[in-house]
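Commentary on secondary and tertiary structure
Each chain, letter by letter, is given below.
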Amino acid sequence: MARRRETPGERSASGKVADARFFGRSGPFTGEALADVAGGEYLPPRDGGDVNRLYGGIGPLQAAQADEVSFLDNRRYAALLDGTQAGLIIVGPAFAKRVPAGSAAIVSSTPYLAWSRVARMFHPAPSARPGIHPSAVIGDGAVIDPSCEIGPFAVIGESAEIGAGTIIGPHAVIGDGVVVGSHCRLGAHVSVSHATLGDRVTLFPGARIGQDGFGFAVGPEGFETVPQLGRVVLEHDVEVGANSTIDRGSVQDTVIGAGSRLDNLVQIGHNTRLGRCCIVVSQAGISGSTELGDFVTVAAQAGLIGHIRIGSKARIGAQCGVMSDVEAGADVIGSPAMPFREFFRNVATLRKLSKRPGKDDETSGSGGE
Amino acid sequence: MARRRETPGERSASGKVADARFFGRSGPFTGEALADVAGGEYLPPRDGGDVNRLYGGIGPLQAAQADEVSFLDNRRYAALLDGTQAGLIIVGPAFAKRVPAGSAAIVSSTPYLAWSRVARMFHPAPSARPGIHPSAVIGDGAVIDPSCEIGPFAVIGESAEIGAGTIIGPHAVIGDGVVVGSHCRLGAHVSVSHATLGDRVTLFPGARIGQDGFGFAVGPEGFETVPQLGRVVLEHDVEVGANSTIDRGSVQDTVIGAGSRLDNLVQIGHNTRLGRCCIVVSQAGISGSTELGDFVTVAAQAGLIGHIRIGSKARIGAQCGVMSDVEAGADVIGSPAMPFREFFRNVATLRKLSKRPGKDDETSGSGGE
Amino acid sequence: MARRRETPGERSASGKVADARFFGRSGPFTGEALADVAGGEYLPPRDGGDVNRLYGGIGPLQAAQADEVSFLDNRRYAALLDGTQAGLIIVGPAFAKRVPAGSAAIVSSTPYLAWSRVARMFHPAPSARPGIHPSAVIGDGAVIDPSCEIGPFAVIGESAEIGAGTIIGPHAVIGDGVVVGSHCRLGAHVSVSHATLGDRVTLFPGARIGQDGFGFAVGPEGFETVPQLGRVVLEHDVEVGANSTIDRGSVQDTVIGAGSRLDNLVQIGHNTRLGRCCIVVSQAGISGSTELGDFVTVAAQAGLIGHIRIGSKARIGAQCGVMSDVEAGADVIGSPAMPFREFFRNVATLRKLSKRPGKDDETSGSGGE
């Protein structure tokens with residue numbers, strides 16, 4: 001599942017974190033300053049040490065040095081605490097006492113979140129470098145905030161609006177009339193048409209927003225295209241992964257609710273509506289006119305039929321095929337979708353029924369089949 | 001399924017259809033003119049009213065006004081007829097009498113098709129604005145009809161040919177020698193090589209046509225690429241969705257038959273052949289050298305192995321895994337594919353066998369397991 | 001399966017191989033010269049004939065002429081040998097005697113590989129045409145070998161390095177600091193950032209390399225992005241299909257081992273590591289931090305959960321859902337994954353249990369259910 005995440009223990013020894021070819025670096029910072037950002041409690045080294053020590057970067061427990069910060073988020077890797085040289089370690093309360101005596105600690109009930117914020121301190125996301133590349137093509141009537149960065153070969157359509165601090169990557173194509181909020185990041189080669197984007201929206205390279213939905217009627221000489229007259233609305237803080245596709249609505253709008261995150265190669269059909277903070281993992285697809293509540297998770301390669309409703313906080317498992325409504329809070333998996341428990345019981349039942357007596361297991365044949 | 005479609009009843013109250021930021025508008029039109037386009041019968045309001053009334057746009061039943069057109073295509077939403085203010089309503093024959101007395105009607109045996117044509121009247125697809133953007137790069141010997149629209153940063157290869165009225169979107173890359181028919185629409189960021197396209201072909205943004213198929217032989221030092229020496233042939237009226245990929249043939253051509261429509265993120269392997277008017281829904285994949293007849297439907301996320309034949313009018317269900325030939329007219333689903341009825345019987349059987357007596361249902365335990 | 005391949009017998013009669021609009025042509029060559037390239041043994045025509053005959057191209061058995069080369073790789077099509085006019089035929093040892101008396105032969109224990117090399121002789125891949133298109137944008141400090149071909153509208157970032165003989169296609173965007181080896185081919189519209197590429201790497205159009213992985217932590221006001229501070233490393237001879245996506249690592253690197261080949265629309269999550277010569281077929285997805293050994297095959301539409309290990313030479317079947325480690329050499333399929341034999345036994349068991357006595361088969365009802 002994409003929601004699990006790496007831990008320092010899984011990192012190979014080779015290579016430094018945050019190769020300077022690619023990542024900027026800020027700092028150094030004191031432990032207290034970092035604890036403040038992290039929202040955790042700073043504990044100085046138990047053996048005393050220099051409370052004003054400065055930390056210059058991050059690293060995995062096995063490789064971090066005395067001037068670097070590391071973290072532990074997974075009980076499985078707790079043994080790495082014993083041997084680490086890291087000068088400052090972010091841990092949950094249960095591990096505070098296992099931090100080496102010579103290391104400072106930041107204790108947080110959400111150590112992964114704390115780590116994320118500390119890492120961001122050292123390696124902030126690049127800000128917009130204001131200016132429009134001379135190769136960009138800007139349509140008549142487009143309104144672009146002077147704080148925006150518009151990359152090479154970007155095309156901004158007529159009457160489009162781009163908010164403050166937004167970065168439009170190289171080769172991005174923004175259609176006529178499109179509205180992009182402030183502090184958005186639109187990657188290379190994205191295309192956006194018939195759409196309005198809120199603030200802090202991120203589109204990764206190759207995302208396709210606003211093209212026609214898949215709509216046609218059967219006419220006497222073949223299919224006839226049904227005009228797709230709705231829009232795409234991406235609310236604040238939405239993220240859309242690389243090469244994902246979101247079709248515009250046919251009559252109503254296609255809406256992705258605030259804070260929702262879509263991974264790569266995701267398909268969203270026309271008129272579909274996602275609530276707030278939904279997660280759609282890579283290669284999943286949601287067919288037209290389906291509605292999701294808030295905080296719904298759709299795991300990788302799952303597929304949802306059109307015209308159904310998924311309740312808030314439901315979780316759709318990987319490769320699940322959902323053909324009907326799912327209740328709020330339900331966990332489903334399988335194709336067709338069923339509750340997690342039922343799915344795994346089915347798997348066990350079928351395995352048992354398929355065993356050939358005396359061949360696949362040690363029990364003498366019961367002839368029960 | 002992508003083939004079901006929105007109805008006015010599903011539209012939220014907020015927002016107008018066809019936001020003027022994004023969609024042009026024609027009209028107004030009389031009811032008779034619209035009925036003519038729709039291929040339906042015009043019925044004036046039963047209470048008399050002005051037979052010369054002009055209609056200026058479209059809207060859902062709940063929101064349309066007296067000068068707007070709406071439609072009913074789904075029995076489920078018939079109750080909306082009672083309260084609608086729409087001045088003109090497209091309906092099937094069974095509902096003609098339920099149209100409010102003050103509203104005119106267009107009666108059609110194919111109301112969705114009729115609606116589609118009426119909507120297109122009010123909001124015609126933009127035509128080509130003839131001209132080549134000064135930033136476009138045109139190869140030597142390319143033949144571009146003067147009625148074409150060639151967008152910013154388009155690249156047209158040497159000796160390519162582009163037919164009358166075709167729109168080549170911004171950033172499209174058309175390879176050397178490629179032939180594109182007339183009245184095609186190639187979206188932003190498409191790439192086309194080693195291919196010939198018929199007339200009225202539509203490629204949505206990011207579609208990839210004509211790259212090498214996935215072909216290699218095992219050599220003594222690793223894989224060796226097998227030259228891919230065929231082409232892609234897209235016949236008349238083919239549509240290819242956003243970010244879909246169609247590889248060129250290795251020896252024979254990859255062919256998509258006339259009128260076929262591919263949704264987003266679809267994969268078509270080398271040497272594959274689709275007949276006329278096939279439908280391939282999003283994220284489905286068809287492996288190399290497989291052949292489809294005419295009017296085949298492949299639902300979302302289905303996968304077809306290579307080197308098989310699918311008969312005309314067969315329907316492949318969502319997420320289906322097809323490992324062998326499918327007869328004409330057959331309905332299959334599941335992985336591996338089986339007839340629809342068998343699939344759902346299997347699901348029911350397994351559910352029954354997995355039930356724990358007295359726990360999952362009300363029947364007293366029979367010990368039958 | 002993408003690993004099966006076309007044979008001449010499957011080619012329709014229409015159209016020549018290697019349309020001159022799209023493919024260059026070398027030659028002619030003698031049979032001995034071709035046998036040398038093919039790594040096979042040249043056998044002159046049994047009826048004598050001209051040993052110095054020159055061959056000018058390739059064709060399928062049914063259509064090839066006396067000055068053309070064809071091949072037979074599949075026992076199924078052996079009958080085509082009898083009627084072929086091909087002047088030179090590549091066959092395995094078992095078919096050497098069935099080659100017509102008037103045709104020469106190249107006998108190889110790996111006829112498909114031999115064919116591949118002969119086809120490449122006649123139709124070599126285009127080499128780089130050295131030069132930087134005047135429309136390309138080259139960043140400060142970028143180091144581009146003078147033998148490179150840089151296409152129209154390419155963007156090369158600051159301090160990027162491009163090795164000898166590499167082709168950068170039109171509209172490709174290469175990020176700051178990216179290292180691309182020699183003799184690579186980067187297709188139209190690719191984007192590459194935070195990455196190092198070895199030699200002879202091929203990226204097909206629209207491939208996305210190096211964007212942020214899908215990583216976030218749950219904060220008090222929604223998801224917070226976790227900085228993705230690793231890279232993508234594509235080793236020598238890697239190929240990545242059209243519109244595939246490879247995210248950069250979060251802490252460690254995402255690594256694709258030497259010689260591995262990814263098909264179209266494949267998703268590779270952050271921190272994932274593939275060994276040497278792995279094959280990932282179209283629309284398959286591998287979640288974050290999963291590790292594959294060498295020579296692993298992942299068939300089309302398969303999905304691998306994150307944080308698992310797949311042993312060398314394992315084969316993951318089409319649409320398989322892999323939730324746990326797979327041993328080296330294992331063949332698995334199904335969702336959840338299981339050994340091939342178990343999967344097909346399950347299918348058979350369920351089919352048997354679901355049969356309705358007297359209706360679906362001829363046996364009289366046994367009431368065994």
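Let us look at the structure shown here. What you are looking at is a predicted structure, and each value in this text was computed from that prediction instead of being measured. (Residues numbered from 1 in each chain as written. Chains lettered and ligands numbered in written order. Predicted model: local features only at pLDDT ≥ 70, side-chain atom pairs only at ≥ 80, totals over all residues. Heavy atoms only, no water.)

Notes on unusual backbone geometry
Note on backbone geometry: most residues besides glycine have negative phi, and most peptide bonds are trans. Of note, the amide linkage connecting Gly27(A) to Pro28(A) takes the cis form, showing an omega dihedral of 5°. Within the element layout of this structure, Pro28(A) appears in the segment before β1 (29–30). Following Ser335(B), the chain continues to Pro336(B) via a peptide bond in cis, the omega torsion being 5°. Along the chain, Pro336(B) turns up in the loop between β39 (331–333) and β40 (338–339). We note that His194(A) has phi near 50°; this positive angle belongs to a residue other than glycine. (Helix = DSSP H or I, 4+ residues; strand = E, 2+ residues; numbered from the N terminus.)

A closer look at the pairing of strand β5 (residues 68–71) of chain B
All names here are of chain B. What you see with β5 is no split at all: Glu68 and Ser70 on one side and Val69 and Phe71 on the other are buried throughout. Direction of pairing for strand β4 (residues 57–58) relative to β5: parallel, over a ladder of two bridges. Bridging across to β5, Ile58 finds its partner in Val69. Strand direction decides the pairing type here: β5 and strand β6 (residues 88–91), joined by three bridges, are parallel. Looking at β6, one finds that Ser70 is bridged to Ile89. (Buried < 20%, exposed > 50% of the residue type's maximum accessible area, 1.4 Å probe, protein only. Pairing = 2+ DSSP bridges.)

A short note on the interface of chain C and chain B
Opposite the 62 residues of chain C that make contact, chain B presents 78 residues. Approximately 5,600 Å² of surface area, both sides summed, lies buried where chain C meets chain B, with 58% of it carried by carbon and sulfur atoms. Contact with chain B buries surface across chain C, with Arg21(C), Phe22(C) and Arg261(C) losing the most and accounting together for 12% of the total. Remark: the boundary between chain C and chain B carries four salt bridges. Scanning the region where chain C abuts chain B turns up 33 residue pairs in polar contact (both at pLDDT 80 or more). Ranked by residue count, the leading element in the side of chain C that touches chain B is helix α4 (residues 340–354) of chain C, at seven residues. Of the residues in the side of chain C that touches chain B, the class split is 30 nonpolar, 15 polar and 17 charged. (Contact = heavy atoms within 4.5 Å. Buried area = accessible area lost by both parts, 1.4 Å probe. Salt bridge = Lys/Arg side-chain N within 4 Å of Asp/Glu carboxyl O. Polar contact = N/O pair within 3.5 Å; in protein donor to acceptor, adjacent residues only side chain to side chain. Nonpolar A, V, L, I, M, F, W, Y, C, P; charged D, E, K, R; others polar.)

Focus on the relation of the copies chain A and chain C
After a rotation of 120° and a shift along the axis of 0.0 Å, chain A superposes on chain C with an RMSD of 0.1 Å. Accordingly, the operation relating the two chain copies is best matched by a three-fold axis. (Least-squares fit on C-alpha atoms with pLDDT ≥ 70 in both.)

Topic: the packing of aromatic side chains
One pass over the structure, following the stated rule, counts 24 aromatic pairs over all chains. Ring geometry for Phe29(C) against Phe122(C): centres 5.3 Å apart, planes inclined by 65°, an arrangement best described as edge-to-face. Residue Phe29(C) is located in strand β1 (residues 29–30), and its partner Phe122(C) is located in helix α3 (residues 111–122); the two are separated by 93 residues in the primary sequence. Classification of Phe122(C) by relative accessible area gives buried; the value is 0%. The ring of Phe295(A) has Lys313(A) sitting right over it, with the charged end atom 5.9 Å from the ring centre. (Phe/Tyr/Trp six-rings, centres within 6.5 Å; stacked < 30°, edge-to-face > 60°. Lys NZ or Arg CZ within 6 Å of the ring centre and 35° of its normal.)

Some details on helix α4 (residues 340–354) of chain B
Given a rise of 1.5 Å per residue, 15 residues ought to cover 21 Å, and the 21 Å separating the end C-alpha atoms of α4(B) matches this to within 8%. Within the span of α4(B), buried status applies to Glu342(B), Phe343(B), Arg345(B), Asn346(B), Val347(B), Thr349(B), Leu350(B) and Ser354(B). (Expected span 1.5 Å × (residues − 1).)

Here's the deal with empty space enclosed by the protein
Summed over all chains, the structure comprises 12 cavities of 30 Å³ or more. Space inside the largest cavity adds up to approximately 1,100 Å³. For the largest cavity, the lining is made up of 46 residues, of which Gly334(A), Ser335(A), Gly334(B), Ser335(B) and Ser335(C) are closest to its centre. At the level of elements, α4 (340–354) of chain A, α4 of chain B together with α4 of chain C are the ones that each hand at least two residues to the lining of the largest cavity. (1 Å grid on protein atoms, 1.4 Å probe; cavity = no way out; pocket = protein on both sides within 12 Å on 5 of 7 lines; lining within 4 Å. Points joined across faces, edges and corners; volume = space filled by probe spheres on them.)

Quick notes on the interface of chain A and chain C
Facing 62 residues of chain A, the contacting portion of chain C comprises 78 residues. A buried area of about 5,600 Å², summed over both sides, lies between chain A and chain C, and 58% of it is on carbon and sulfur atoms. Looking at the side of chain A facing chain C, the largest losses of area belong to Arg21(A), Phe22(A) and Arg261(A), adding up to 12% of the total buried there. Note that Arg117(A) is salt-bridged to Glu224(C), the shortest N-O span being 2.5 Å. The tally of links between chain A and chain C comes to 34 residue pairs in polar contact (both at pLDDT 80 or more). Sorting the residues of the side of chain A that touches chain C by element identifies α3 (111–122), β28 (261–262), β31 (279–280) and α4 of chain A as the ones contributing at least two each. Considering each element in turn, the side of chain A that touches chain C owes the most residues, seven residues, to α4(A). Looking at the side of chain A that touches chain C residue by residue, the classes come out as 30 nonpolar, 15 polar and 17 charged.

Describing the pattern of salt bridges
Scanning the model with the defined rule gives 33 salt bridges over all chains in all. A salt bridge links Glu342(A) to Arg351(B), with the shortest nitrogen-to-oxygen separation between them at 2.9 Å. Of this pair, Glu342(A) sits in helix α4 while Arg351(B) sits in helix α4, placing the two residues on different chains. On the basis of relative accessibility, which here comes to 36%, the residue Arg351(B) falls in the partly exposed class. For Arg129(B), the salt bridge is made with Glu149(B), and the minimal N-O distance between the two is 3.1 Å. Within this pair, whereas Arg129(B) is found in the loop between α3 (111–122) and β8 (131–132), its partner Glu149(B) is found in strand β11 (residues 149–150), the two being separated by 20 residues in sequence. When salt bridges with common partners are traced through the structure, they connect Asp19(A), Arg231(C) and Asp253(C) into a single cluster.

Some remarks on the side chain of Thr254(B)
Residues and elements named next belong to chain B. In this fold, Thr254 is placed in strand β27 (residues 254–256). Exposure remark for Thr254: the relative accessible area of 0% places this residue in the buried category. Within the structure, Thr254 has its side chain in polar contact with the backbone oxygen of Asp247 (distance 2.8 Å). A polar side-chain atom of Thr254 sits 2.9 Å from the main-chain amide nitrogen of Asn271. In contact with Thr254, not counting residues within four places along its chain, are Arg231, Val232, Val233, Ile246, Asp247, Arg248, Gly249, Ile268, Gly269, His270, Asn271 and Thr272.

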